[in-house]
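Here's the letter readout for the chains.
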Amino acid sequence: MPSTDPVRRRVWVTRYMRHGHGRSQVELAERLVQARTDGPASVLDAARQIRTLVVQVSCYESGRTRPRAKAVQALAAVLGVDVLQLLAPGTPVTLVTLRARLGLTQDDAATTLGISRSLYAAVEQGKRAASVPETAALAAALHTSVDQVRRALPPSPAYGSAAAGPEEER
């Protein structure tokens, strides 16, 4: 991790972002370090508990590597924080964040719903509306409420056309 001096830190972040790394990746790295230093876990402890190399955890904490959803979930469990606390403040709660919170892949979520991964991806991207039973099953799979899933669903053309369709015909 770069220096804790604010000026040197700002220079590091600017250089780092110039090399194609996004601000969210830098913020995730900073939150990982903060959560680990606030708790009793060392880099070695965290690496052992998530069954990876110390250098990999160091790469996550420095922002050089973006951890996959399962790694973020495992790190959050080791550090005793919720995955959403590791994300930047104001990060919208979407199906992606709810899914990543549990360390699930699109394939895992699709299997739980009994649909294909590509169909689930279309729901997640707002290209296809989720049915009421799918929304309820998704809420159960993501360990959250149906209302939270509805708020997390992206605006879908299917919702707009379904709602506007009967009105326009009259």
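Thresholds applied
Residues numbered from 1 in each chain as written. Predicted model: local features only at pLDDT ≥ 70, side-chain atom pairs only at ≥ 80, totals over all residues. Heavy atoms only, no water. Helix = DSSP H or I, 4+ residues; strand = E, 2+ residues; numbered from the N terminus. Buried < 20%, exposed > 50% of the residue type's maximum accessible area, 1.4 Å probe, protein only. Areas by Shrake-Rupley, 256 points an atom, 1.4 Å probe, with all protein chains shown as cover. Core = buried A, V, L, I, M, F, W, Y, C linked by side-chain atoms within 4.5 Å. Contact = heavy atoms within 4.5 Å. 1 Å grid on protein atoms, 1.4 Å probe; cavity = no way out; pocket = protein on both sides within 12 Å on 5 of 7 lines; lining within 4 Å. Points joined across faces, edges and corners; volume = space filled by probe spheres on them. Axes fitted to C-alpha atoms, helices over the stretch in contact; angles between N-to-C directions. Parallel < 35°, antiparallel > 145°, perpendicular 65-115°, else oblique.

**Student:** Just to check I follow, could you spell out the overall build of the protein for this structure?
**Tutor:** Broken down by element type, the protein carries 12 helices and 0 strands. Along the protein, helices and strands appear, N-terminal first, in the series α-α-α-α-α-α-α-α-α-α-α-α. In the protein, which comprises 170 residues, the proportion classed as buried is 39%. For the protein, the exposed area adds up to about 10000 Å²; of that, 54% sits on carbon and sulfur atoms.

**Student:** How do you make sense of the nonpolar core when you look at a structure like this?
**Tutor:** The tendency in soluble globular proteins is for nonpolar side chains to be buried as a group. The biggest cluster of nonpolar side chains holds 18 residues, and the ones touching the most others in it are Leu-32, Val-57, Leu-75 and Leu-86. Of all elements in the fold, only helix H2 (23-38), helix H3 (43-49), helix H4 (54-62), helix H5 (69-79) and helix H6 (83-86) reach the threshold of two or more residues within this core. Take this core: its biggest share by element is 6 residues, from H5. The residues contacting Leu-86, other than those within four sequence positions of it, are Leu-28, Arg-31, Leu-32, Ala-35, Val-72, Ala-76 and Val-81. By size, the runner-up hydrophobic cluster in this structure holds 16 residues, among which are Tyr-120, Ala-130, Leu-138 and Ala-152.

**Student:** Help me understand empty space enclosed by the protein in this model?
**Tutor:** Leftover empty space is mapped by rolling, across the atoms, a probe with the size of a water molecule. On inspection of all chains with the given rule, the structure shows 1 cavity of 30 Å³ or more. Estimates place the volume of the largest cavity at around 40 Å³. Every residue along the wall of the largest cavity is listed here: Leu-32, Arg-36, Ala-46, Val-57, Tyr-60, Glu-61, Leu-75 and Leu-79. At the level of secondary structure, the elements contributing two or more residues to the lining of the largest cavity comprise H2, H4 and H5.

**Student:** Would you mind going over the packing of helix H8 (residues 106-113) against helix H9 (residues 117-124) with me for this structure?
**Tutor:** Relative orientation and spacing of two packed helices are given, respectively, by the angle between their axes and the distance between those axes. Between H8 and H9, whose axes approach to 8 Å, the crossing angle comes to 100°. The angle between H8 and H9 places the two elements in the roughly perpendicular class. In this structure, H8 contributes Gln-106, Asp-107, Ala-109, Ala-110 and Leu-113 to the contact, and H9 contributes Arg-117, Tyr-120, Ala-121 and Glu-124.

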